[in-house]
Amino acid sequence: MSPDAILAKLTDVFRDVLDEDGVVLSRGTTAKDVAGWDSLSHVRLVVAVEQEFGIRFDTAEISGLANVGEFVNVIARKLG
Amino acid sequence: MMEPLYTDTAVVAAAVLLYLLAGSAILRPLWAPKLKETLFACLNIAACYAFFFHGLPFSVAKLAFTPLATFVMYVAFGVGHWYLVRAVSERDRGGWLYAGALLYAIVPLVVIKLDTTLRLVGFSYMAFRMAQAVLEVRRDPMLKVTMPAYAAFLFFPLTLPIGPISPFGMFAVGFQPDRLTLQTVTHALGRIAIGYIKFRFLATIAYQLTFANLWTDGYQHGVADFLVSSFAFFIYMYFNFAGFCDIVIGAAALLGIPVKENFNNPLLSTSIKDFWNRWHISLSEFVRDLVFTPLLLGMVRRFGLNAALPASILAAILTFVIIGLWHGFQWGFFYFGLMHGLGFAANLLWSRIMELLPKDAARAWNSSWMSHVLGWALTLVFVACSMIFVEYADSAGRAQILAAFSGKW
């Protein structure tokens, strides 16, 4: 899957979990930039991403996913 | 027995200055990293011994060894952990290794806390610093941790006594070649000055109005005095802790070593969640990463996304109880943690209730000044009251206060 496709799918997950249709993600977006993306919704986002992409994150990886670029990179790595 | 260094401020200031000069002499020049790390480790270990162990029996209350012997074991314990950190860093897998590296740090902490008369200076922070390093290398396989750098990091005298719990990655920036600018230096000096004013003066003034001072005058005190003293202790804690952290961060900046912030205007908090993003930040973020997130993740994976709310509440209560007990295994600290856990849970429930309202109404309320002021006032009162359990972690003290409480306004 291309990084752009991953980003698009990730955006859909964010919109769904945060219940916010206006969410726009770019590689530089961080938690501060998105309303409702805090440590609680972060876990829900991570689990939703795991379900959507069929992958699994390491607990240690979770806290490093606070920026969208990292998120896309890690997903791409796991998809092989 | 030799006299401890803490006899007066001038001596302490001179000793810290000497340390900063020696540290700069080691870190500033363009030497080989290995040499810098080794020298800085030696300096830090020597400084920790001089500042906190030499002739200071209070650093090692009730441990059966001399301060020197205890210090040597402390250093060996820290350096020994490096082998585990390196192993975790080099192996991609290793559930047992990872758990072992964490338990190596946490189990001794629990053991020491179990005996409330035991004390080893900075150990609470040391254990968490070590555990955090394990999380760091697991998360970032590219992070290089050499033994001298790790030793220098663990025994960095500025953060040894009361933190902040700053990550290895930040500390290691100090080894990189970098010129200090005049702006950085003046900023750092200003930070130290502000910290000193908070720690030495403002904290002392606030302390005059706490329960320990205001309520021990033999008279009865009412609700107004209760609020005054609760706030006084909260403000005292803030000035005392944040002031000292300012000094630590400023002094470390003079060495070119960034240190994690611990406070961000906590008196402006508008909710318990907001409070813990502003108070003792290095601790709350670490416990969130070590306990809250993995726990919540495990529960949501197991029970589904719909279980997120009850799972968050459970994880939050447990996390805050742990934060409370980290301060000491006493009922007062437990109640403190429990109070914050329940406050946080109330926060979560309130957010969920807001989600059930029409979007526009909820948004309007959340951005209104009234919701901010109400949230702020409630949070401040709640936190101030919770601090009573910190001022009086044991029930005897609390009973004394209750005895002097008139129950009237």
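What counts and how
- Residues numbered from 1 in each chain as written.
- Chains lettered and ligands numbered in written order.
- Predicted model: local features only at pLDDT ≥ 70, side-chain atom pairs only at ≥ 80, totals over all residues.
- Helix = DSSP H or I, 4+ residues; strand = E, 2+ residues; numbered from the N terminus.
- Buried ≥ 20, exposed ≤ 12 C-beta atoms within 10 Å, placed from the backbone.
- Contact = placed C-beta atoms within 7 Å.
- Rg over C-alpha atoms; globule rule 2.2 N^0.38 Å.
- Nonpolar A, V, L, I, M, F, W, Y, C, P; charged D, E, K, R; others polar.
- Axes fitted to C-alpha atoms, helices over the stretch in contact; angles between N-to-C directions.
- Parallel < 35°, antiparallel > 145°, perpendicular 65-115°, else oblique.
- Left-handed = near helix turned anticlockwise from the far one by under 90°.
- Domains from an automatic or database assignment.
- Bend = angle between axes of the 7 residues up to and from the residue.
- Core = buried A, V, L, I, M, F, W, Y, C linked by C-beta atoms within 7 Å.
- pLDDT = per-residue confidence, 0-100.

1. Topic: the overall build of chain B
Here is step 1 of the chain: Helix and strand counts for chain B come out as 18 helices and zero strands.
Here is step 2 of the chain: Overall, the C-alpha framework of chain B stretches about 65 × 55 × 50 Å when taken along its three principal axes.
Here is step 3 of the chain: Across the 409 residues that make up chain B, the buried fraction comes to 39%.
Here is step 4 of the chain: Summarising the internal contacts of chain B: among those between residues at least 6 apart in sequence, 69% fall at separations of at least 24.

2. Considering the overall build of chain A
Here is step 1 of the chain: Each helix and strand in chain A was counted, giving four helices and zero strands.
Here is step 2 of the chain: For chain A, the succession of helices and strands along the chain, N to C, is α-α-α-α.
Here is step 3 of the chain: Scaling as 2.2 N^0.38, a compact globule of 80 residues should have a C-alpha radius of gyration of about 12 Å, and chain A matches this with 11 Å.
Here is step 4 of the chain: Viewed in the frame of its principal axes, chain A has a C-alpha envelope of about 30 × 25 × 20 Å.
Here is step 5 of the chain: Residues counted as buried form 30% of the 80 residues belonging to chain A.

3. What to know about the interface of chain A and chain B
Here is step 1 of the chain: On the side of chain B, 14 residues touch chain A, which itself brings 13 residues to the contact.
Here is step 2 of the chain: Mapped onto the side of chain A that touches chain B, the elements with two or more residues apiece are α2 (39-53) and α3 (59-62) of chain A.
Here is step 3 of the chain: Examining the composition of the side of chain A that touches chain B, we find that seven residues originate from one element, α2(A), more than from any other.
Here is step 4 of the chain: Grouping the amino acids of the side of chain A that touches chain B by side-chain chemistry returns seven nonpolar, four polar and two charged.

4. Focus: the packing of helix α12 (residues 281-303) of chain B against helix α13 (residues 308-326) of chain B
Residues and elements named next belong to chain B.
Here is step 1 of the chain: Two elements in contact, α12 and α13, have axes separated by 9 Å at closest approach and are oriented at 150°. Considering the angle they form, α12 stands roughly antiparallel to α13. Crossing handedness for the pair α12 and α13: right-handed. Across from Leu283, Ser284, Val287, Arg288, Val291, Phe292, Leu295, Leu296, Met299, Val300 and Phe303 in α12, the residues of α13 making contact are Ala308, Ala311, Ser312, Ala315, Ala316, Leu318, Thr319, Ile322 and Ile323.

5. Some words on the domain arrangement of chain B
Residue and element names in this part refer to chain B.
Here is step 1 of the chain: Domain annotation for chain B reports domain 1 (5-175), domain 2 (182-259) and domain 3 (268-403).
Here is step 2 of the chain: Centre-to-centre separation of domain 1 and domain 3, based on C-alpha positions: 30 Å.
Here is step 3 of the chain: For the side of domain 1 that touches domain 3, the elements supplying multiple residues, two or more each, are α4 (95-114) and α5 (123-139).
Here is step 4 of the chain: Among the elements that line the side of domain 1 that touches domain 3, the one with the most residues is α5, at five residues.
Here is step 5 of the chain: Partitioning the side of domain 1 that touches domain 3 into residue classes produces six nonpolar, five polar and one charged.

6. Description of α12(B)
Here is step 1 of the chain: Along its length, α12(B) shows its largest kink, about 45°, at B:Arg288.
Here is step 2 of the chain: One or two positions beyond α12(B), positive phi appears at B:Gly304, with a value near 95°.

7. Some details on the environment of B:Ile281
Residue and element names in this part refer to chain B.
Here is step 1 of the chain: Tracing the sequence through the fold places Ile281 in helix α12.
Here is step 2 of the chain: Residues Ile281 and Phe244, spaced 37 residues apart in sequence, show a C-alpha to C-alpha distance of 15 Å.
Here is step 3 of the chain: Non-local contacts of Ile281, meaning those with residues more than four positions away in its chain, are made with Glu261, Asn262, Phe263 and Asn264.

8. A short note on the environment of B:Tyr19
Residue and element names in this part refer to chain B.
Here is step 1 of the chain: Looking at the secondary structure, you find Tyr19 in helix α1 (residues 9-27).
Here is step 2 of the chain: On the basis of neighbour counts, which here come to 20 C-beta atoms within 10 Å, the residue Tyr19 falls in the buried class.
Here is step 3 of the chain: Tyr19 sits 275 residues away from Pro294 along the chain, and the two C-alpha atoms are 40 Å apart.

9. Focus: the nonpolar core
All names here are of chain B.
Here is step 1 of the chain: In terms of nonpolar packing, the biggest core is built from 124 residues, with Val85, Ala131, Val134, Val248 and Ala252 touching the most fellow members.
Here is step 2 of the chain: Here the element with the most residues in this core is helix α10 (residues 223-254); it accounts for 20 residues.
Here is step 3 of the chain: Filtering out sequence-adjacent residues up to four positions away, Ala131 remains in contact with Leu102, Ala105, Ile106 and Leu290.

10. Quick look at the packing of α5(B) against α12(B)
Two quantities define a packed helix pair, namely the angle between the helix axes and the distance between the axes.
All names here are of chain B.
Here is step 1 of the chain: Viewed as axis vectors pointing N to C, α5 and α12 meet at an angle of 60°, and their least axial separation amounts to 11 Å. On the basis of their axis angle, the class for α5 and α12 is oblique. With respect to the hand of their crossing, α5 and α12 are arranged in left-handed fashion. Where α5 approaches α12, its residues Phe128, Ala131, Gln132 and Leu135 are matched on the opposing element by Phe286, Asp289 and Leu290.

11. A look at the confidence of the model for chain B
All names here are of chain B.
Here is step 1 of the chain: Considering every residue of chain B, the mean pLDDT works out to 90; 95% of them sit at 70 or more.
Here is step 2 of the chain: For chain B, helix α18 (residues 395-403) is the element with the lowest average pLDDT, namely 82, and helix α6 (residues 147-154) is the one with the highest, namely 97.
Here is step 3 of the chain: Listed scores for the predicted complex are pTM 0.90 and ipTM 0.87.

12. Notes on unusual backbone geometry
Residue and element names in this part refer to chain B.
Here is step 1 of the chain: Of note, the bond from Gly163 into Pro164 is cis; its omega dihedral lies within 30 degrees of zero at 0°.
Here is step 2 of the chain: By secondary structure assignment, the location of Pro164 is in the loop between α6 and α7 (168-172).
Here is step 3 of the chain: With a phi angle near 50°, Asn265 is a residue other than glycine that sits in the positive phi range.
Here is step 4 of the chain: Here Asn265 is to be found in the loop between α10 and α11 (272-276).
Here is step 5 of the chain: Among the residues examined, Asn265 registers 10 C-beta atoms within 10 Å and is labelled exposed.
Here is step 6 of the chain: The backbone phi angle of His280 is positive, close to 50°, even though this residue is not glycine.
Here is step 7 of the chain: Structurally, the position occupied by His280 is in the loop between α11 and α12.
Here is step 8 of the chain: Judged by the 22 C-beta atoms lying within 10 Å of it, His280 is buried.

13. Concerning the confidence of the model for chain A
Here is step 1 of the chain: When pLDDT is averaged along chain A, the result is 87; 100% of the residues meet or exceed 70.
Here is step 2 of the chain: Here α3(A) is the element of chain A with the lowest mean pLDDT, 78, and helix α1 (residues 3-18) of chain A is the one with the highest, 90.

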